[in-house]
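# Close look at the chain arrangement
Given next are the chains, with one letter for each unit.
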Amino acid sequence: MEKVVIIGSGCAGMTAALYSARANLRPLVLTGHQPGGLLTTTTIVENYPGFPEGIDGYELMSRMQKQAERFGARVQFATVEAADLSRQPFKLTVDGELLETETIIIASGAGHRHIGLDSEHKLENKGVTYCATCDGALPLFRNKPLVVVGGGDSACEEAMYLTRFGSMVHLVHRRDTLRASIIMAERALANPKITPVWDSVVTEVLDLKAGKVTGVRLKNVKTNTESVLDCSGVFVAIGHIPNTQIFKGVLDMDENGYIIPKRGTATNVPGVFVAGDCADHVYRQAVTAAGLGCAAAIDVERYLAARNE
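In this report, the structure presented in the accompanying data block is examined. (Residues numbered from 1 in each chain as written. Predicted model: local features only at pLDDT ≥ 70, side-chain atom pairs only at ≥ 80, totals over all residues. Heavy atoms only, no water.)

Here we come to the side chain of histidine 173. Structurally, the position occupied by histidine 173 is in the loop between β12 (168-172) and α6 (182-190). Within the local environment of histidine 173, its side chain forms a polar contact with the backbone oxygen of threonine 177, the two atoms lying 3.1 Å apart. Look past the residues within four positions of histidine 173 in its chain and what remains in contact with it is Gly150, Gly151, Leu178, Arg179, Val197, Trp198, Asp199 and Ser200. (Helix = DSSP H or I, 4+ residues; strand = E, 2+ residues; numbered from the N terminus. Polar contact = N/O pair within 3.5 Å; in protein donor to acceptor, adjacent residues only side chain to side chain. Contact = heavy atoms within 4.5 Å.)

The structure is reproduced here in structure tokens:
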């Protein structure tokens, strides 16, 4: 029987692990498919406090894990496949094995949102990707024209990173201004290798017959005119989908699948708490996720203390 199981190993999960470990709760962290969370797919994180020169995302998460483990947190590279929250102790199916726990902190984060095109799906890993830092340096993309789809901070960061490798980067956005933070937008638009393509959406990724990306078909949302833009890679950066599917119908969520906390980090199921990007669709920053992880661990500690009085 575990006292607390933390689902997810990003900033929220590892901070929750640190605080609950220091409270002698010996938390068990289940990493999920992506140990360290989405931050491990970024290059330099410039806006996490305490690192004036910036820090590599993977290194930051490695340090967080070591810090939590120092105080007794246990990290298991495993994925939660199902959850029975109908009664306590809660029952989790973890890689086919049953696990029981008194409390749960859900810090499962979010995954990359897809455009939703059949051609996008079929050309995934053949020129369509969702992570520039993971794939941008591949020979497939070097000295070739590339497309980034999106207009937020992630899209700008992806586009700027890809200028190191591609001959030019087309930033395709459905609006006529970027929704990224001012500093990120200014950096992207000032880069001579980045060309914005405004008011446009990708309607097809070319070319299925070739078995690789050769271009994209675009539609201007204001004029409805279509065009073809030649490229060798499509990097999709249009947001995220919370990893909360296994809790659907049990935990209160909004229409997009983000878990809605009731008081502090508590959910509608007593003993189940939530932190990070699976509950936060507004800020979605590493530092806010860490703060929520801290809050969730404190809420768990108080919940368990009240039960044992």
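Relative to each other, helix α1 (residues 11-22) and helix α2 (residues 57-70) sit at 20°, their axes nearing to 8 Å. Looking at the two axes, α1 sits roughly parallel to α2. The two elements α1 and α2 cross, and the hand of that crossing is left-handed. In this structure, α1 contributes Cys11, Met14, Thr15, Ala17, Leu18 and Ala21 to the contact, and α2 contributes Met61, Met64, Gln65, Gln67 and Ala68. Of the residues contributing to the contact of α1 with α2, the split by class is eight nonpolar, three polar and no charged. (Axes fitted to C-alpha atoms, helices over the stretch in contact; angles between N-to-C directions. Parallel < 35°, antiparallel > 145°, perpendicular 65-115°, else oblique. Left-handed = near helix turned anticlockwise from the far one by under 90°. Nonpolar A, V, L, I, M, F, W, Y, C, P; charged D, E, K, R; others polar.)

In this section: the pairing of strand β14 (residues 200-206). Most of β14 is tucked away: five of the seven residues are buried. As paired strands, β14 and strand β15 (residues 215-220) are joined by six bridges and run antiparallel to one another. In the strand pairing of β15, leucine 206 is matched with glycine 215. (Buried < 20%, exposed > 50% of the residue type's maximum accessible area, 1.4 Å probe, protein only. Pairing = 2+ DSSP bridges.)

This part takes up the layout of surface pockets. Which parts of space are left empty comes out when a probe the size of a water molecule is rolled across the atoms. Here the second largest pocket defines a volume of roughly 260 Å³. Around the second largest pocket, the lining is made up of 13 residues, and of these Val149, Gly150, Arg174, Val201 and Ile238 lie nearest the centre. Ranked by residue count, the leading element in the lining of the second largest pocket is β14, at three residues. Here the residues of the lining of the second largest pocket are counted per class, giving six nonpolar, four polar and three charged. (1 Å grid on protein atoms, 1.4 Å probe; cavity = no way out; pocket = protein on both sides within 12 Å on 5 of 7 lines; lining within 4 Å. Points joined across faces, edges and corners; volume = space filled by probe spheres on them.)

Let us now look at the pairing of strand β13 (residues 194-197). As paired elements, β12 and β13 share four bridges and run parallel to each other. Bridged to valine 169 within β13 is isoleucine 194. Read as a crossover between parallel neighbours, the route from β12 over α6 to β13 is right-handed. (Right-handed = clockwise from strand over helix to strand, strands pointing away.)

This part is about the sheet that holds β14. With antiparallel pairing, the three strands of this open sheet are ordered in space as β14-β15-β16. Of all the strands in the sheet, just β14 and β16 (226-230) have a single pairing partner and so form its edges. On average, adjacent strands in this sheet sit at an angle of 30° to one another, irrespective of strand direction. Pairing between β15 and β16: five bridges, direction antiparallel. Note that in β16 the partner of arginine 217 across the bridge is valine 228.

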